[in-house]
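Reading the structure
Residues per chain, in single letters:
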Amino acid sequence: MAMLWKFMRVAKYSKTALSPKVKVGGISTYSRHSSSKSVPSDFTANTPCSNTVELLGKAYPQDDYSNVTEKILSKVGKNLHNKKHHPLWLIKEQVKDHFYKQYVGHRGTPLFSVYDSLSPVVTVQQNFDSLLIPQNHASRRKEDNYYLNRDHMLRAHTSAHQWDLIHSGLDAFLAVGDVYRRDTIDSTHYPVFHQMEGVRLFSCHELFSSIKDGEGLQLFEQGHRTAHKQECHTMEAVRLVEFNLKQVLTKLMTHIFGDGLQVRWVDCYFPFTHPSFEMEIYFQGEWMEVLGCGVMEQQLVNS
């Protein structure tokens, strides 16, 4: 079973053979508990001819879906979140430090591995299909995304890496990166922004070991989907995962913003989590959304 969370625009200051694990809001890596990895930021992006876009050392044929502009291409590869002392880097390091200290594996190594150099160029399958986003979903529109062609695009969210990271065998990770959406520029929106995303998978033992008489509790059942749970999850499992998820994120926001923080949770909808929530904090006289999260759709884990 799994949970997932995503800090939103940082600039805004954010088995049936059922799987033996449940997932809570993630990312994959080749080294289980590797430290953050960086990538050179001196990439160039250009369009050498009218029918090809060259980006990060690869050429992408243009077609009727191609809509990425020279201005946006010039932003790719800057990796501001990996530039030492940049405000985005400072926030990333603050979050990393918190997770490294708070969540330690049984061998004394950090429970969460961090991936901050994943390519921003992804396939449409990674960005949408792997996350169960329907073919007719509004988020796929050309008006909202930067497409290199029908098959490749600039990621619209760090969730585009979820399936690959989980598939590699990870069960707890953070992913950080620049993301791209065709937003109208205003005080809280810009076509290029940054996200950090976390995922954790739970086994039955990990979830219930601290519960008195928890030996008989199960992650899965053949039930019905309701507003509070997926059809394959037991209510006991969902309640514990939800409690863990909200506790982890409340601690993190308190670490970032300080004690006395006012927090509220709002029910919401995401195609790849259920139930799903948004966290809002009270800031300068109004409630402001800082992240979205939820219990990962078991279908994603099973796949």
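Values in this document were obtained by computation on a predicted structure and should not be read as measured data. One numbering rule holds for all chains: residues counted from 1, following each sequence as written. Confidence filtering applies because this is a predicted model: local features only for residues at pLDDT of at least 70, side-chain atom pairs given and counted only at 80 or more, and all residues used for totals across whole chains, interfaces and linings. With hydrogens and water excluded, all non-hydrogen atoms of the structure serve as input to the side-chain values.

1. Some thoughts on the pattern of salt bridges
Salt bridge, as used here: a side-chain nitrogen of Lys or Arg that lies within 4 Å of a carboxyl oxygen of Asp or Glu. Scanning the entire structure with this criterion turns up 13 salt bridges. Residue K92 pairs with D116 through a salt bridge whose shortest N-O separation is 2.8 Å. Pair noted here: K92 is in helix α2 (residues 87–102) and D116 is in the loop between β6 (113–115) and β7 (121–123), with a separation of 24 residues, a long-range link. Like D116, K92 is buried. In this structure, the salt-bridge partner of R140 is D129, at a minimum N-O distance of 2.5 Å. Within this pair, whereas R140 is found in the loop between α3 (124–127) and β8 (152–154), its partner D129 is found in the loop between α3 and β8, the two being separated by eleven residues in sequence. In DSSP terms, a helix is any run of H or I states spanning at least four residues, a strand is any run of E spanning at least two, and both are numbered starting from the N terminus. Burial status follows relative accessibility: with a 1.4 Å probe on protein chains alone, a residue under 20% of its type maximum counts as buried, one over 50% as exposed, and anything between as partly exposed.

2. Quick look at the packing of aromatic side chains
Only Phe, Tyr and Trp rings take part, Trp by its six-membered ring, and two of them pair if their centres are within 6.5 Å. Stacked means planes under 30 degrees apart, edge-to-face means over 60, and tilted covers everything else. For the structure on display, the rule yields eight aromatic pairs. Taking the centre distance of 5.9 Å and the plane angle of 65 degrees together, the rings of W5 and F112 count as edge-to-face. Just as W5 is buried, F112 falls in that class too. A connected cluster of aromatic rings, assembled from ring pairs, spans W5, F99, Y103 and F112. A ring is considered to have a charge above it if a Lys NZ or an Arg CZ atom is located within 6 Å of its centre and within 35 degrees of its normal. Positioned over the ring face of Y65 is K142, at 5.3 Å from the centre of the ring.

3. Digging into the side chain of N82
In this structure, N82 sits in the loop between α1 (70–73) and α2. A polar contact of 2.7 Å, which involves the side chain of N82, links it to the side chain of K92. Polar contacts here mean pairs of N or O atoms no more than 3.5 Å apart (in protein, one a potential hydrogen donor and the other a potential acceptor; neighbouring residues in sequence count only if both atoms are side-chain atoms).

4. Here's the deal with unusual backbone geometry
Put simply, H274 and P275 share a cis peptide bond, and its omega is 0 degrees. Summarising the element assignment, P275 is placed in strand β12 (residues 273–283).

5. Topic: helix α6 (residues 235–257)
With 23 residues, α6 extends 32 Å between its outermost C-alpha atoms, agreeing within 8% with the 33 Å of an ideal straight helix rising 1.5 Å per residue. All of the buried residues along α6 are A237, V238, V241, N244, L245, K246, V248, L249, L252 and M253. Residue G258 follows α6 closely and has a positive phi angle near 105 degrees. Expected span of a helix: the number of residues minus one, times 1.5 Å.

6. Side note on the nonpolar core
Among the nonpolar cores identified, the biggest contains 34 residues, and W5, F99 and F112 are the most heavily contacted of them. Breaking this core down by element, the ones donating at least two residues are β1 (2–7), α2, β9 (172–180), β10 (192–203), α5 (204–208), α6, β12 and β13 (286–296). Ranked by the residues each element gives to this core, the list is headed by α6, at eight residues. By definition, residues are in contact when any of their heavy atoms lie within 4.5 Å. Leave out the neighbours within four places in its chain, and F99 touches W5, F112, L174, V248 and L252. To qualify as a nonpolar core, a set must consist of buried Ala, Val, Leu, Ile, Met, Phe, Trp, Tyr and Cys residues joined through side-chain atoms within 4.5 Å. Among the nonpolar cores identified, the runner-up in size contains 22 residues, and V122, Y147, M153 and F272 belong to it.

7. Some thoughts on the state of the cysteines
Disulfides are defined as cysteine sulfur pairs within 2.5 Å. For the coordinates displayed, the defined rule picks out zero disulfides. With no disulfide partner, C293 has as its closest neighbouring cysteine sulfur the one in C268, 7.3 Å distant. When its relative accessible area of 0% is taken as the criterion, C293 is described as buried.

8. Details of the pairing of strand β4 (residues 52–55)
In this scheme, strands are said to pair when DSSP sees at least two bridges between them. Where β4 lies against strand β5 (residues 58–61), four bridges are found, and the strand directions are antiparallel. Bridge assignment links T52 to a residue of β5, and that residue is P61. The turn linking β4 back onto β5 is made up of two residues, and L56 within it adopts a positive phi angle of 50 degrees.

9. Observations concerning the confidence of the model for the chain
The predictor's confidence in any single residue is recorded as pLDDT, a number from 0 to 100. Model confidence for the chain is summarised by a mean pLDDT of 87, while 85% of its residues fall at 70 or above. Counted against residues more than four places away or in other chains, residues 8–23, with its pLDDT under 50, gives 73 contacts. In the model, residues 26–49 has pLDDT below 50 throughout and makes 90 contacts with residues more than four positions away in sequence or in other chains.

10. Comments concerning α2
For α2, built from 16 residues, the straight-helix expectation of 22 Å at 1.5 Å per residue is met to within 8% by its first-to-last C-alpha distance of 23 Å. Among the residues of α2, L88, W89, K92, V95, K96, H98 and F99 are the ones counted as buried.

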